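# Examining the three-dimensional arrangement
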Amino acid sequence: MGRDYQRIQGNRWVLPRNLYRQTLYAIRDYPRIKDEYEALLHGSPADLDGQPKGNLPGDPTAVTAVKAERLHNQIKAVDDAKKVVPPEYMKGIWKNILYGCPYPLDAGRATYARWKSRFIYEVAKNRFFM
């Protein structure tokens, strides 16, 4: 994926290094979380271990509801942050973060870097990392 570089100079949305990386990985995990949430909504069966008194929790519905709520909050944090960035830049930023693709040539590199910093900051704020 290349280097996870955070612009420092002229950046109003600077995060501490560990928080920046934690937020990047949360964004990169978005597709998996979304798939897991969809599978949970469509009622994937619980894993049974075959034992008579297995290790299932006492209330599997409540456990599923709590897990669905947690996943929904993680998805919502990224989706809400996407609304802050103009749509013409979001596609390039998304591909850059998830796949390491270079920014498109339709705007300056500094413009994309500025909006990327803002997007990552918003995700960190929405996920209550700060």
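On a predicted model such as this, the values are computed, not experimentally measured, just so you know.

Of regular secondary structure, the protein chain possesses 5 helices and 0 strands. Counting from the amino terminus, the protein chain carries its helices and strands in the arrangement α-α-α-α-α. Buried residues in the protein chain amount to 35% of all 130 residues. Of the contacts formed within the protein chain by residues at least 6 apart in sequence, a portion of 65% connects residues at least 24 apart.

For the rest of this paragraph, the subject is the confidence of the model for the protein chain. Considering every residue of the protein chain, the mean pLDDT works out to 85; 85% of them sit at 70 or more. The element-level mean pLDDT for the protein chain is lowest in helix 3 (residues 60–82), coming to 91, with helix 4 (residues 87–99) highest at 95.

Another aspect to go through is helix 2 (residues 30–41). Over its 12 residues, helix 2 runs 16 Å from end to end, which matches the ideal 16 Å to within 8%, given 1.5 Å per residue. Turning to helix 2, its buried residues are Tyr-30, Ile-33, Tyr-37 and Leu-40. One side of helix 2 carries all its buried residues, which in axial view fall inside an arc of 90°. Where the residues of helix 2 are buried, they touch helix 1 (17–28), helix 3 and helix 4. Among the residues trailing helix 2, Gly-43 stands out with phi positive, at a value near 70°.

So, on to the packing of helix 2 against helix 3. Closest axis-to-axis distance for the helix 2/helix 3 pair is 10 Å, and the angle between their directions is 140°. Classed by the angle they form, the pair helix 2 and helix 3 counts as oblique. Once helix 2 is placed against helix 3, the crossing between them reads as left-handed. The residues of helix 3 that touch helix 2, namely those facing Tyr-30, Ile-33, Lys-34, Glu-36, Tyr-37 and Leu-40, are Thr-64, Lys-67, Ala-68, Leu-71, His-72, Gln-74, Ile-75, Val-78, Asp-79 and Lys-82. Taken together, the residues of the contact of helix 2 with helix 3 sort by class into 8 nonpolar, 3 polar and 5 charged.

Conventions and cut-offs
- Residues numbered from 1 in each chain as written.
- Predicted model: local features only at pLDDT ≥ 70, side-chain atom pairs only at ≥ 80, totals over all residues.
- Heavy atoms only, no water.
- Helix = DSSP H or I, 4+ residues; strand = E, 2+ residues; numbered from the N terminus.
- Buried < 20%, exposed > 50% of the residue type's maximum accessible area, 1.4 Å probe, protein only.
- Contact = heavy atoms within 4.5 Å.
- pLDDT = per-residue confidence, 0-100.
- Expected span 1.5 Å × (residues − 1).
- Arc of directions from axis to C-beta.
- Axes fitted to C-alpha atoms, helices over the stretch in contact; angles between N-to-C directions.
- Parallel < 35°, antiparallel > 145°, perpendicular 65-115°, else oblique.
- Left-handed = near helix turned anticlockwise from the far one by under 90°.
- Nonpolar A, V, L, I, M, F, W, Y, C, P; charged D, E, K, R; others polar.

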